[in-house]
Amino acid sequence: MAATTERIPHVIPSSSAYHENKLVSWLSVVDHKRIAQLYLLAGLLFFLTGGVEAFIMRLQLAHPNGHVVSAVLFNQLFTMHGTTMIFLAIMPMLIGFVNAVLPLQIGARDVAYPRLNALSFWLFLAGGLLLNSSWFLGGAPNAGWFNYVPISNPPYSPGLGVDFYDIGLQIAGIGTLMTGINFLVTLVNLRAPGMRLMRLPMFTWTVLVTMVLILFAFPPLTVTLFLQTFERLFGAQFFSVAAGGNPLLWSNMFWIFGHPEVYILILPAFGIISEVVPVFSRKPLFGYTSMVLATLAIGFLSFMVWVHHMFTLGYGPFVNSIFALTSMMIAIPTGVKVFNWLATMWGGQIRFTTSMLWAIGFLFCFVLGGMSGVMLAIAPADLQYNNSYFVVAHFHYVLIGGTLFALFAGIYYWFPKMTGRMLSERLGKWNFWLTLIGFNITFFPMHFLGLMGMPRRIYTYAPGNGFTFWNEVSTFGVFILAAGVLLFVVNLFTSLQRGEKAVADPWDGRSLEWSISSPAPAYNFAKIPLVRGADPFWLEKMHGNGRMLPAPGQEHHHGPPNTVHMPRPTMIPLIIAAALLILGYGFIYHALVVEILGFLVLVVGLHRSMFTPDPGEYVPIEEEPAEEVGADG
Amino acid sequence: MGRKRWKKMARWAPAAAVAMLALSGCGFLQGRQSVLDPAGPVAQGQLGLIESSFWIMIEIFIVVSAVLVVALIRFRARPGQTELPPQVHGDNRLEFLWTIVPALLLALLAVGTVKQSFADAGSPLVPHSMLVQVTGHQFWWAFTYPSLGVVTANELHVPVGQKIELALTSADVLHSFWVPRLAGKTDLVPGKINYIWFQADKPGLYYGQCAEFCGTGHADMRLIVDAQTPAKFNQWVATMSHPVSTPTTALAKEGEKLFGTIGCSTCHTVGGTTFAGAVGPSLTDLTGRLMIASNTYPNTPKNLYNWVHDAPSMKPGVLMPSFSYLKAPQVKALVAFLESLK
């Protein structure tokens, strides 16, 4: 025991750095809840950036032979729109929710590696900023978000844009990989006593599978980005036909990452819906076990379908048939999920809160996207849909109607727990209806355009093809959609300032996060809770005294009484991320001095990280609410 | 009673409306590039799969949305409800049902998928077909008929009623060959040859365009398939085999000279002359073409003049340099020469 004390030499009596200087406290943040807020805020800013890019593209396409932007700029816009939305907006916002909610749902005080968690965030931000800085440094990448070779290789993309893509995504991707490892370890090791796997809330289950997908899907991306970096910066020839390379290597490597990535984006969304629907139907999730199995099946199959992005590449009918069948199979577990959600509502008492409205909107739009997904899986038919606006319609139905609507459902649901205030329900309903209507007007006509023969990624089109009308409709819709999204931003900032104060359990929740105060205290749980069944908090409300019982034998630190031992804030992650940012610029510009500087900062950062143990600090437990004393007495 | 029944039927109205819209044959989605207006067996077969999958999906969508709407109305929370609803955790039979039924429907689609995949597949052995080699370039199409010894660009002439086999490859980046009314797309990959086949049943012009992003000029890399009666096609082949390219006017002769001196001939081939560049599209029988600039502008003397003068201002990303330093009479001479290519 004495040895344990010696390993923690410096004891900070209270959470001093937490309040001292606001900027310093954010830069040195390690608390998963505040990292979540950083993720959500940065994700939102990138989301708005990507939205502006989309808006400009819709203006350009409103009429045939449009002149709003040039072909060169248009190609940069669609490349950055896709890259930004996937890597810098949707995924970080999902990871934001994972950070905000997951430790609370399993009864943990933080993630397994809080420093690594901060590093993940700073790396994502560094990668995102590097990528977007290309707009001001000679032009953004312009080879599409999947950056096929040869078009992205030096003879055809001579500018620096693609280098920004390779290195920006590399830096952000390392961060995501760390997130995957971090949350897997957290889920294995930090579950509260009694929180068995088959008692995990469904959101947590989907996150578990998502993190496995990240662990296996991101390395192929890392590798292929490195291959291209070597090709572009140092003259390697992995993809060059003339030198015996193969351009299809990129296509395959990218989609071996890219298809699981699609499920990385949708599985946590399924998880959010699986939390929101039961709570607002006042019923447990229907078919919990089949939901878990469906999630696992989707995760497994997601690695078996990548060629369906490349049915037109000419792999022949045999290969195409196999991948068509595996792709169709994904519809089965996905269908199980949809029917289970419907069955959860059936027989319940449905409350139409804004969060629930988003979940209902999700069901309609996601099912539409799923249907077009099955149609796309039919390889011979896909030869017509592939790379047409039909595909554009499909993945926006899944990514907006699916993931984004689920994100909205999640933010209206968990905002009270994150901030201690409620989002305005009145503004929320406007936010929902405008977004839903605008979204459908914008994207439904794209199915038609695809069937009429309009390929994606064209900066303009001929008047004779009959594309004009539906393009006009689509551009009209985007104004309504933009208004809906902007109302959310208004709601967010007004509610943060003046929103109604949130109680601990505003929705009559079922999982552990609703058993603690809103916002959650720094240490989450004053006493690690004992989980006595699935939906643990609901269980205590129904069969206990409405409070979680403390798990025995969990508190054994040697600090002052009534404190919790928490990780100590540190700037080391920020320094490491900054080093990679500097290194990235150094490589892009072949600037040896900058490379050396970046390398030195990296060495310092890693050294400090390895040889400065985290002594932690003792955070005093806030005074317990008076009611609890009464209830116990 | 009657009123209740009517009410019941009204619930199905939205679904019925969707079905009617679909039943109307999607006439509002026709167009010269429309997948829904096939003009040959390959596109017809693909549309068949699109339609059957669409109907299956629509049925599922109607079921799902009907259940959802009914649930939202019947099971909405009402004021004063304090009792908990029954806390149902699942139902094995139901869960089995909605695993197995979609699986059976998908199996149905899978059969058609595999059949059509093999039917569409081109191979070097498609019987009784005419082979055309297609090479994608930034941002135009080269067509070579090895059996006829004909080379042309951007407008693919084919006889109706005959299977045409395409051997697709690329000279630079990925492109994709897509003429929706004839066949779905297949990519042109450098270092790889993809074979597909199609057949046009009726004479006419079939429009398409490059469907794999290939650079700045991607949107303007357009395509026309001119399906002709066998007689007309043979006539075209004869023209292409014996091109007339001897300028008659003094202006055109001047143009021919310029074509050789200012660099045009390093890129362009003109059948019947010594000009044999292989970088840009062949200009043999240029007057026979409907369009220029990879089917972006009609083939008129005025457009041709502007094109020769300054191509990049007409088609962003085009690899043909600007010749804006030429004086107007010189451009006129070049156009006169080009106008004499028959």
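This one's a predicted model, so the numbers in the text were calculated from it and none came from an experiment.

Regarding the overall build of chain A
Item 1. Counting its regular elements, chain A contains 21 helices and two strands.
Item 2. In summary, chain A has a C-alpha radius of gyration of 25 Å against a globular reference of 26 Å for 633 residues, a match within 12%.
Item 3. When its C-alpha atoms are laid out on the principal axes, chain A stretches across 80 × 65 × 50 Å.
Item 4. A burial count over chain A gives 64% of its 633 residues as buried.
Item 5. Here the analysis covers contacts within chain A between residues at least 6 apart in sequence; of these, 81% occur between residues at least 24 apart.
Item 6. Total accessible area on chain A stands at roughly 21900 Å², and carbon and sulfur atoms take up 71% of it.

What to know about the domain arrangement of chain B
Item 1. What the domain assignment lists for chain B is domain 1 (13-22 + 29-76 + 88-120), domain 2 (129-239) and domain 3 (250-338).
Item 2. For domain 1 of chain B and domain 3 of chain B, the distance between their C-alpha centroids amounts to 51 Å.

Observations concerning the packing of helix α6 (residues 114-133) of chain A against helix α7 (residues 161-189) of chain A
Residues and elements named next belong to chain A.
Item 1. Put simply, α6 and α7 touch, their axes get as near as 8 Å, and they point 160 degrees apart. Relative to α7, the element α6 lies roughly antiparallel. For the pair α6 and α7, the sense of crossing is left-handed.
Item 2. The residue inventory of the contact of α6 with α7, partitioned by class, reads 16 nonpolar, eight polar and no charged.

Quick notes on the side chain of S327 of chain A
Residue and element names in this part refer to chain A.
Item 1. Along the chain, S327 turns up in helix α11 (residues 316-329).
Item 2. Classification of S327 as buried rests on a relative accessible area of 10%.
Item 3. A polar contact is formed between the side chain of S327 and the backbone oxygen of F323, at a distance of 2.5 Å.
Item 4. Setting aside residues no more than four positions away along its own chain, S327 makes contact with V305, H308 and A377.

Brief notes about the packing of helix α5 (residues 71-105) of chain A against helix α9 (residues 248-281) of chain A
Residues and elements named next belong to chain A.
Item 1. Running from N to C, α5 and α9 cross one another at 45 degrees; their axes reach a closest spacing of 11 Å. When the axes of α5 and α9 are compared, the pair comes out oblique. Two packed elements cross with a definite hand, and for α5 against α9 that hand is left-handed. Residues I86, F87, I90, M91, L94, F97 and Q105 of α5 form the contact with α9, whose own contacting residues are F257, E261, I264, L265, P268, A269, I272 and E275.

Some words on helix α5 (residues 230-241) of chain B
All names here are of chain B.
Item 1. Counted at 1.5 Å a residue, the expected span for α5 with its 12 residues is 16 Å, and the 16 Å between its end C-alpha atoms agrees.
Item 2. Buried within α5 we find F233, W236, V237 and M240. Along the long axis of α5, the arc covered by the buried residues comes to 100 degrees, so they all point the same way. Those residues of α5 that are exposed and aimed more than 90 degrees away from the buried face are A231, K232 and Q235.
Item 3. The inward-facing, buried residues of α5 abut β1 (129-137), β2 (140-145), β3 (150-153), β4 (155-159) and β10 (222-228).

Things to note about a nonpolar patch on the surface
Residues and elements named next belong to chain A.
Item 1. Together, F226, F230, F234, F238, L249 and F587 make up a nonpolar patch on the protein surface, roughly 540 Å² of accessible area in all.
Item 2. If one sorts the elements of the nonpolar patch by residue count, helix α8 (residues 202-234) sits on top with three residues.
Item 3. Residue position: F230 is located in helix α8.
Item 4. The partly exposed category is assigned to F230, whose relative accessible area is 39%.

Describing the pairing of strand β7 (residues 183-188) of chain B
Residue and element names in this part refer to chain B.
Item 1. The buried fraction of β7 is high, at six of six residues.
Item 2. Alignment of strand β6 (residues 175-179) against β7, held across four bridges, turns out to be antiparallel. The partner of S176 across the bridge, within β7, is D187.
Item 3. Between the end of β6 and the start of β7, which pair antiparallel, lie three residues.

A few points about the pairing of β10 of chain B
Residue and element names in this part refer to chain B.
Item 1. Within β10, seven of the seven residues are buried, which leaves it mostly tucked inside the rest of the structure.
Item 2. Of the two faces of β10, the one lined by R222, I224, D226 and Q228 and the one lined by L223, V225 and A227 are each fully buried.
Item 3. Judged from the five bridges that link them, β4 and β10 form a sheet pairing that is parallel. Each residue of the ladder has a partner; that of V158, found in β10, is A227.
Item 4. Here six bridges tie strand β9 (residues 204-209) to β10, and the two strands are oriented antiparallel to one another. Note that in β10 the partner of Y207 across the bridge is I224.

Basis of the calculations
Residues numbered from 1 in each chain as written. Chains lettered and ligands numbered in written order. Predicted model: local features only at pLDDT ≥ 70, side-chain atom pairs only at ≥ 80, totals over all residues. Heavy atoms only, no water. Helix = DSSP H or I, 4+ residues; strand = E, 2+ residues; numbered from the N terminus. Rg over C-alpha atoms; globule rule 2.2 N^0.38 Å. Buried < 20%, exposed > 50% of the residue type's maximum accessible area, 1.4 Å probe, protein only. Contact = heavy atoms within 4.5 Å. Areas by Shrake-Rupley, 256 points an atom, 1.4 Å probe, with all protein chains shown as cover. Domains from an automatic or database assignment. Axes fitted to C-alpha atoms, helices over the stretch in contact; angles between N-to-C directions. Parallel < 35°, antiparallel > 145°, perpendicular 65-115°, else oblique. Left-handed = near helix turned anticlockwise from the far one by under 90°. Nonpolar A, V, L, I, M, F, W, Y, C, P; charged D, E, K, R; others polar. Polar contact = N/O pair within 3.5 Å; in protein donor to acceptor, adjacent residues only side chain to side chain. Expected span 1.5 Å × (residues − 1). Arc of directions from axis to C-beta. Patch = residues over 30% accessible without salt bridge, like charges linked within 9 Å, V, L, I, M, F, W, Y side chains within 5 Å. Salt bridge = Lys/Arg side-chain N within 4 Å of Asp/Glu carboxyl O. Pairing = 2+ DSSP bridges.

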